[in-house]
Number of protein chains: 2
Amino acid sequence: MKQLSGLDSVFLDAEDDHQFTHVSQLLILERPSADFEPYPAWRRQLADRIHQLEPLRRRLVPVPFGLDHPYWIADPDFDLDFHVRHSAVPPPGGDAELDELIGRLVAAPMDRDHPLWVSHVIEGLDDDRFAILTMIHHSAVDGAAGAELLELMLEDTPDAGRPAEAGRWRGESPPSTTEVLARAAVNGVRRPGRGLLLAARAGQKLARATRNPAVIDLADTVRGTLRGPLGSLLNAGRSREEDDRLPRLPPLTSPPTPFNHPISRYRRFAHRSLPLADVKSVGKEVGATINDVVVALCGGGLRRWLLDRGELPDSPLTAMVPVSLRSGDEEERWTNRVSGTIAALPTDVDGPLERVRAAHEALDLAKQVFKALPGELTPEAAGLGAPLMTTAISRAVTRWSTVGPAPFNLIVSNVPGPSEPLYVGPAPMRHYVPVSAVADGVGLNVTVQSYVDQLDFGLLACAELMPDLDDLADAIIAEFGALRSAVAEASGDGA
Amino acid sequence: MKQLSGLDSVFLDAEDDHQFTHVSQLLILERPSADFEPYPAWRRQLADRIHQLEPLRRRLVPVPFGLDHPYWIADPDFDLDFHVRHSAVPPPGGDAELDELIGRLVAAPMDRDHPLWVSHVIEGLDDDRFAILTMIHHSAVDGAAGAELLELMLEDTPDAGRPAEAGRWRGESPPSTTEVLARAAVNGVRRPGRGLLLAARAGQKLARATRNPAVIDLADTVRGTLRGPLGSLLNAGRSREEDDRLPRLPPLTSPPTPFNHPISRYRRFAHRSLPLADVKSVGKEVGATINDVVVALCGGGLRRWLLDRGELPDSPLTAMVPVSLRSGDEEERWTNRVSGTIAALPTDVDGPLERVRAAHEALDLAKQVFKALPGELTPEAAGLGAPLMTTAISRAVTRWSTVGPAPFNLIVSNVPGPSEPLYVGPAPMRHYVPVSAVADGVGLNVTVQSYVDQLDFGLLACAELMPDLDDLADAIIAEFGALRSAVAEASGDGA
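Residues numbered from 1 in each chain as written. Chains lettered and ligands numbered in written order. Predicted model: local features only at pLDDT ≥ 70, side-chain atom pairs only at ≥ 80, totals over all residues. Heavy atoms only, no water.

In the annotation of an unreviewed UniProt entry, the entry for chain A reads Diacylglycerol O-acyltransferase, and the organism field reads Actinomycetospora succinea. According to its UniProt record, chain A has this under Catalytic activity (unreviewed entry): "an acyl-CoA + a 1,2-diacyl-sn-glycerol = a triacyl-sn-glycerol + CoA". Recorded in UniProt for chain A, the comment headed Sequence similarities (unreviewed entry) runs: "Belongs to the long-chain O-acyltransferase family." (UniProt positions renumbered as here; feature names shortened; annotations may be inferred.)

Re the relation of the copies chain B and chain A
The operation relating the pair of chain copies consists of a rotation about an axis and a translation along that axis. For the pair chain B and chain A, the relating rotation is 180°, the translation along its axis is 0.0 Å, and the fit reaches an RMSD of 0.0 Å. Here the two chains are linked by the operation of a two-fold rotation axis. No C-alpha of chain B approaches the rotation axis more nearly than that of Ala88(B), which lies at 2.6 Å. (Least-squares fit on C-alpha atoms with pLDDT ≥ 70 in both.)

Topic: the packing of aromatic side chains
Residue and element names in this part refer to chain B. The full count for this structure, using the stated rule, is 8 aromatic pairs over all chains. Between the aromatic rings of Phe 36 and Phe 130, the centroid separation amounts to 5.6 Å while the plane-to-plane angle is 40°, which identifies the pairing as tilted. In this pair, Phe 36 is assigned in the loop between strand E2 (22-30) and helix H2 (38-49) and Phe 130 in strand E7 (residues 129-137), connecting sequence segments 94 residues apart. Residues Tyr 432 and Tyr 451 carry aromatic rings whose centres are separated by 6.1 Å and whose planes lie at 85° to one another, so their mutual orientation is edge-to-face. Of the two residues, Tyr 432 sits in strand E13 (residues 427-435) while Tyr 451 sits in strand E14 (residues 444-451), which places them 19 residues apart along the sequence. (Phe/Tyr/Trp six-rings, centres within 6.5 Å; stacked < 30°, edge-to-face > 60°. Helix = DSSP H or I, 4+ residues; strand = E, 2+ residues; numbered from the N terminus.)

Digging into the nonpolar core
Ranked by size, the top nonpolar core spans 60 residues in total, and within it Leu26(B), Trp42(B), Leu98(B), Ile102(B), Ile122(B) and Leu133(B) carry the most contacts. It is E7(B) that contributes the most residues to this core, 6 residues altogether. Both domains that furnish three or more residues to this core are identified here as domain 1 (2-163) and domain 2 (250-419 + 433-490) of chain B. One finds Tyr39(A), Leu133(A), Phe269(A) and Tyr432(A) within the second-largest nonpolar core, a separate group that totals 56 residues. (Core = buried A, V, L, I, M, F, W, Y, C linked by side-chain atoms within 4.5 Å. Buried < 20%, exposed > 50% of the residue type's maximum accessible area, 1.4 Å probe, protein only. Domains from an automatic or database assignment.)

Remarks on the interface of chain B and chain A
Counting residues at the interface gives 16 residues for chain B, matched by 16 residues for chain A. Overall, the association of chain B and chain A removes approximately 1400 Å² of surface from exposure, summing both partners, and the carbon and sulfur fraction of that is 48%. Among the residues of chain B in contact with chain A, His86(B), Arg104(B) and Tyr266(B) are the three that bury the most area, contributing 32% of the side total. Summed over the shared surface of chain B and chain A, the number is 6 residue pairs in polar contact (both at pLDDT 80 or more). Going through the elements one at a time, strand E5 (84-88) and strand E6 (117-123) of chain B are the ones with two or more residues in the side of chain B that touches chain A. (Contact = heavy atoms within 4.5 Å. Buried area = accessible area lost by both parts, 1.4 Å probe. Polar contact = N/O pair within 3.5 Å; in protein donor to acceptor, adjacent residues only side chain to side chain.)

Digging into the pairing of strand E14 (residues 444-451) of chain A
Residues and elements named next belong to chain A. Burial within E14 is extensive, with 8 of its 8 residues counted as buried. The alternating pattern of E14 places Leu 444, Val 446, Val 448 and Ser 450 on one face and Asn 445, Thr 447, Gln 449 and Tyr 451 on the opposite face, and all of these are buried. The sheet contact formed by E14 and strand E15 (residues 454-462) spans 8 bridges and is antiparallel. Across the sheet, Val 446 pairs through a bridge with Leu 459, a residue of E15. Adjacent in sequence and paired antiparallel, E14 and E15 are bridged by 2 residues, among which Val 452 carries a positive phi angle near 50°. (Pairing = 2+ DSSP bridges.)

What to know about the pairing of E6(B)
Consecutive side chains along a regular strand alternate between the two faces of the sheet. Residues and elements named next belong to chain B. Along E6, 7 of the 7 residues are buried, which leaves the element largely enclosed by surrounding structure. On E6, burial covers both faces: Trp 117, Ser 119, Val 121 and Glu 123 on one face and Val 118, His 120 and Ile 122 on the other are all buried. By the bridge criterion, 5 bridges tie E5 to E6 in an arrangement that is parallel. Counted as the bridge partner of Ser 87 is Ile 122 from E6. Crossover handedness for the path E5 to helix H5 (residues 95-105) to E6: right-handed. Both E6 and E7 contribute to a ladder of 6 bridges, which runs antiparallel. Among the inter-strand pairings, His 120 is bridged to a residue of E7, identified as Leu 133. In textbook terms, the turn of a hairpin is the stretch between consecutive antiparallel strands, and for E6 and E7 this stretch comprises 5 residues, one of which, Gly 124, has a positive phi near 90°. (Right-handed = clockwise from strand over helix to strand, strands pointing away.)

Okay, structure coming up:
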């Protein structure tokens, strides 16, 4: 039995009937032969590895009256068949049909009476492909731990076979109510407002750090709603000195866009891929990292999409860029350790080369801000990125996004993935597409991941705010074409 | 703008996070050629007929604070693409894969911000088949009206083409809050307890009529929980005289079974078919109606299933048998007009011929009880079957089913369907399988429907209470084999 951290449980508290805080991975694999059956192969592979996959076997035990964060226990009733499901896309089985199914599958909350994950084996795809969508709740793993977990689920050689220690694990009996209440007393965590307090303070710190008037307003709004002991505690934590040792930065506002509104319960998903070598070589030509190029492509793609709709704001859009806080020395391997910073996207910059330069500068600035943040904002103290997306602050955004700009326009995340090929039985994985989450006020998320020789883009949006998400995905790819042409022209060996 | 009847809105009030009150129809069709595309064909057919399909175009407008039943308006934002979806089953695409997908698709509530229906075109089936699952909320249509509606959606000749008047309909603007509140005042319906009152009184009447001690206990429990003006009203309605003019019947208890418990949010579905001519000829041999045979098959199938599990009770299981109250002269065509009666199933009777005789007698008795019910129990007064399945009474069952027997064990419904073939474009429909609903305390529903030369059985159950629903479906079919052999033997021309 283990207790959830403050940040882990933030992801549970934030969930409601239209905001879902699970994250997913879409694997696209090659069918090694016509008679290969992906569903039994994947089910067997999971059964053989489940002893290593602790987050997939544990389920929640809530503490009565929410007096403390919930606990995880190794589920004594664990049933793999509940979690592994067999699905299919209709003909013609192209990427459009796959993306539509993904949007539908991720648009529902998970069942908290079971371990918080589901894996769909998807057949019916053209070109001898099949896919696996694995959804895991963000309270169980963060993005980096999720990637690690997925690598444990997959094999690094074809037909790796069954590990010797397969099947060696045991369930735990759920604790009695008396037991969890006694632990709550021992922990001294008897203030239900603790998580909220930490989230609100983290929000204030980030606001002051970025000098983003929207975030400052927001943090003040949240703090203003706190009354009694909680409000006093929060205000007691403030000091002018702390304000002044942070670097002064220009104000950064987030202009209104079609996707910065309260979201519906429906999702649209779109995925695209670029050859990793091409992205690297373009980056090298202009002295930019892959991250710079990804942010520039998002900025350029959004610029095109907004221009086409006559909705391009004069000021740049802003993106929340998640930052992993993992050092590699974590004692609790699977706990959330994620934070975030805010960067301007070059949606206001003309020319693809100019956009890469602007992206590089914006990310550099965002990194400096992040480093300057007080060290007390550890993951256990509830992090930054997560609370901004979720809980009280997210709810404030909901009310507030109808009357003013959002604290940031979208989430852009670029995660390095495995560089060596992975397998399900004999079937090689070709793409490893991230599927993240959206929230009220922030109805668009672009997450990008590298895998062997591919850079896979996963775009998720509220289906009612962005029914035409596919156009944005196309615009991002078109932006890469424009950037490559501009680089070739600049270096004199192209048209 | 039209207001929902009391019974229509009972089906809305009864819905929660694990009880869903939509009913569905599973059509299994034959692909007329290899290049036939079912999704565009079905979408086009619906677009051409939507002007006739009023219940599919209207959406709810609730009255603030639940002061009155909600209204229907012709949805001004109607979007056919929201409702018609394209899905597929994974290989091998047999009935098992189809049933699993159906169980998954029906296990979610509908979105009340849109007209309350969804239609899934399902590909990937073997034997050149495809399927269409159409889910409609029970507040929009009852079973009989749903069948009528479906016949309007389908064509009675292949490739019937577009009707001349296609597309002639208009949406309505949602009424203002002031308008619906003003109407509530005019209607004089300002007692939020009205629907509950009617449901509770109907429950008492049925209880006294059947002399079922479980139902009487239940009705008393519900009445006992009503306090203040509502309780007084209900008690004022009682009179000894009314009790005494109803026929005295033997007590009918419902024994405990594995499926009479609170249900989960998951569903298992199983469908089977019998040749209608065979069922008719067996019935004719023994002087029984199709309805008698269906009830006998359910009784015999359940007997086998319960015996195999060592769970067969000594006393017979009881079934709620819905009764349509339609006269054909209804002014409001789509309003719910359904009631129900309770019949013993011959689960305690040995021998298939004996079970048909017992079923015939039980249904005869149930019909007499139904006719003897006071005429004031009109559909507008909230009916009988529906409130027993739902609302306050259903919630009482939930609490109470853990300590005692349910008011009935399952729902068994046999509905005559179309006798002439129906089409989607050029594609002929082969089966027309009903998919009904389950509720807390009543985790099993067997609904049977005839279509041309088939008798299609649709079994729905809570997936956690009856993961082995397929065994019951097989047992029902095996029972028909046993009955046919017994009939052949009795008439001297069989083994």
